[in-house]
Amino acid sequence: MKLFTSKLLPSTLLTHAFTCRTGGNGRAPYCSNNMAFHVGDHPAVVTRNHLVLAAQLQYRHHVLATMKQLHSNRVMVVSTSNSNTLPPECDALITNQIDLPLMVMTADCTPILLYDPDAHAIAAIHAGRAGAFQNIIKNSITMMAEHFDSKSENIIAVLGPSICQNCYEVNEKIYEEAKHLRYDNTVLQKEDRFFLHVNQILVQQLQECGVAKSHIEVMQHCTSCEHHTFFSYRADSGTTGRQAGIIMLRS
Ligand SMILES: [Zn+2]
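In this text the structure is predicted, and so the values were computed from the model without any measurement. Per chain, residue numbering runs from 1 following the sequence as it is written. Owing to the predicted nature of the model, reporting of local features is limited to residues with pLDDT of at least 70; listing and counting of side-chain atom pairs is limited to 80 or more, with chain, interface and lining totals taken over all residues.

Examining the overall build of the protein chain
Scanning the protein chain from N- to C-terminus turns up five helices and 13 strands. On the principal axes, the C-alpha backbone points of the protein chain span a range of 50 × 45 × 30 Å. Think of it as a crowd count around each C-beta: if 20 or more other C-beta atoms lie within 10 Å the residue is buried, if 12 or fewer it is exposed, and in between it is partly exposed, with C-beta placed from the backbone throughout. Among the 251 residues that make up the protein chain, the fraction classed as buried is 44%. Restricting to contacts in the protein chain with at least 6 residues of sequence separation, those with at least 24 account for 62%. Segments assigned H or I by DSSP are reported as helices when at least four residues long, segments assigned E as strands when at least two residues long, and all are numbered from the N terminus. By definition, residues are in contact whenever their C-beta atoms, placed on the basis of the backbone, come within 7 Å of each other.

So this is what it looks like as structure tokens:
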């Protein structure tokens, strides 16, 4: 299975990766490495994709924390796997538990992985336009500080494959909302069309929280431009699979 990783995250203390659509077992429109059970793909195929990922990253496949994502700014602290229960309704998971992988799923939205090497705490965050407008970044970093005494200047942040500004046209109402939130600088206007740069908002928010520029990596892969490699909700017209961002503290 092809995986994308960041050089900013140390491999000796941590396991992390971003999956893509290739190398799995599924058929169209979920071909082939879909990680989500809720999109209409065959459950046995999704399970098999999960098993392959777990074997490749060396974690026990039944020990995993996932979420029912709702484009909110809700953050949950997790201390045990939720593989056998309903996943919590939220868009960010944080933990300081060893050997507990956190997973975020996306298809154009931005998967964000955070790591504080001093506090030994991690986060997996789902942020599309709605999550960015609601500043889920700030909530996640605040919760990491409250629960694990994490300090933002120590945090490393990686933004995984997601839709680029050129591929992310929005309507005027969303442009007005961006303006209201003082994110005008992240909108490109071409005549009467508007294009939103979600990752620019997220990077701004990370820096406003105190994360150093040198601690932030934005992976330069657009899920829509590269939709043969990644699942893209927009490029695939809504019916598609999900790739995963995954992070785990190692024992
Ligand atoms: Zn693009």
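Here's the deal with the environment of Ala-212
Its place among the elements puts Ala-212 in the loop between helix 5 (198-208) and strand 12 (216-218). Note on Ala-212: 14 C-beta atoms within 10 Å, which makes it partly exposed. The spacing of Ala-212 and His-126 is 86 residues in sequence and 21 Å in space, taken between C-alpha atoms.

What about the sheet that holds strand 11 (residues 193-196)?
Adjacent strands of a sheet form backbone hydrogen bonds with each other and so pair up, either parallel or antiparallel. Within the open sheet, the three strands sit side by side as 9-11-10. Their pairing is antiparallel. If you trace the sheet from one side to the other, it starts and ends with strand 9 (169-170) and strand 10 (187-190), each paired once. To obtain each axis, a line is fitted to C-alpha atoms, and for helices this fit is confined to the stretch in contact; angles are then taken between N-to-C directions over 0 to 180 degrees. Here helix 4 (residues 172-180) sits on the sheet in contact with strand 9, strand 10 and strand 11, set at roughly 55° to strand 11. Whether two strands pair comes down to DSSP finding at least two bridges between them.

Notes on the nonpolar core
By size, the foremost hydrophobic cluster in this structure holds 58 residues, and its most contacted members are Ala-124 and Leu-202. When residues in this core are grouped by element, the largest group, six residues, is from strand 7 (residues 121-127). Those residues within four positions of Ala-124 in sequence are excluded, and the remaining contacts are Ala-92, Leu-93, Leu-102, Met-103, Val-104, Leu-113, Gly-245 and Ile-247. Within the second largest apolar cluster, five residues are counted, among which are Ala-107, Phe-230, Phe-231 and Tyr-233. One nonpolar core equals one set of buried Ala, Val, Leu, Ile, Met, Phe, Trp, Tyr and Cys residues connected by C-beta atoms within 7 Å.

Remarks on unusual backbone geometry
Cis rather than trans, the peptide bond between Ala-28 and Pro-29 has omega equal to 5°. Summarising the element assignment, Pro-29 is placed in the loop between strand 2 (14-19) and helix 1 (43-57). Here the bond from Cys-31 into Ser-32 is cis, since omega is -10°, no more than 30 degrees from zero. Inspection of the secondary structure assignment puts Ser-32 in the loop between strand 2 and helix 1. Of note, His-120 is a non-glycine position whose phi angle comes to about 55°, a positive value.

Quick word on the sheet that holds strand 13 (residues 243-249)
The strand order across the open sheet formed by four strands is 1-2-13-5, and the pairing between neighbours is antiparallel. What marks the edges here is a single partner per strand, and that holds for strand 1 (3-4) and strand 5 (102-106). Summarising the sheet, strand 5 and strand 13 pair through five bridges and their orientation is antiparallel. Bridge assignment links Met-105 to a residue of strand 13, and that residue is Ala-244.

A short note on helix 1
One less than the residue count of a helix, multiplied by 1.5 Å, gives the span that helix is expected to have. Between its first and last C-alpha, helix 1 extends 21 Å over 15 residues, near the 21 Å set by a 1.5 Å rise per residue. Of all the residues in helix 1, the buried ones are Val-46, Asn-49, His-50 and Leu-53. Projection of helix 1 onto a plane perpendicular to its axis shows the buried side chains occupying an angular sector of 100°, all on one side. When the buried face of helix 1 is taken as reference, the exposed residues oriented beyond 90 degrees from it are Ala-44 and Ala-55. The inward-facing, buried residues of helix 1 abut strand 2. Looking one or two residues beyond helix 1, the residue adopting positive phi is Gln-58, at roughly 60°. As used here, the arc belongs to the directions running from the helix axis to the C-beta atoms.

A short note on helix 5
What helix 5 keeps buried is the set Val-198, Asn-199, Ile-201, Leu-202, Val-203, Gln-205 and Leu-206. Positive backbone phi, at 105°, marks Gly-210, one or two positions downstream of helix 5.

Remarks on the pairing of strand 2
Bridging between strand 1 and strand 2 involves two bridges; their strand directions are antiparallel. Bridging from a neighbouring strand, Phe-4 pairs with Phe-18 of strand 2. Relative to strand 13, strand 2 runs antiparallel, the two sharing five bridges. Residue pairing across strands places Phe-18 opposite Gly-245, the latter belonging to strand 13.

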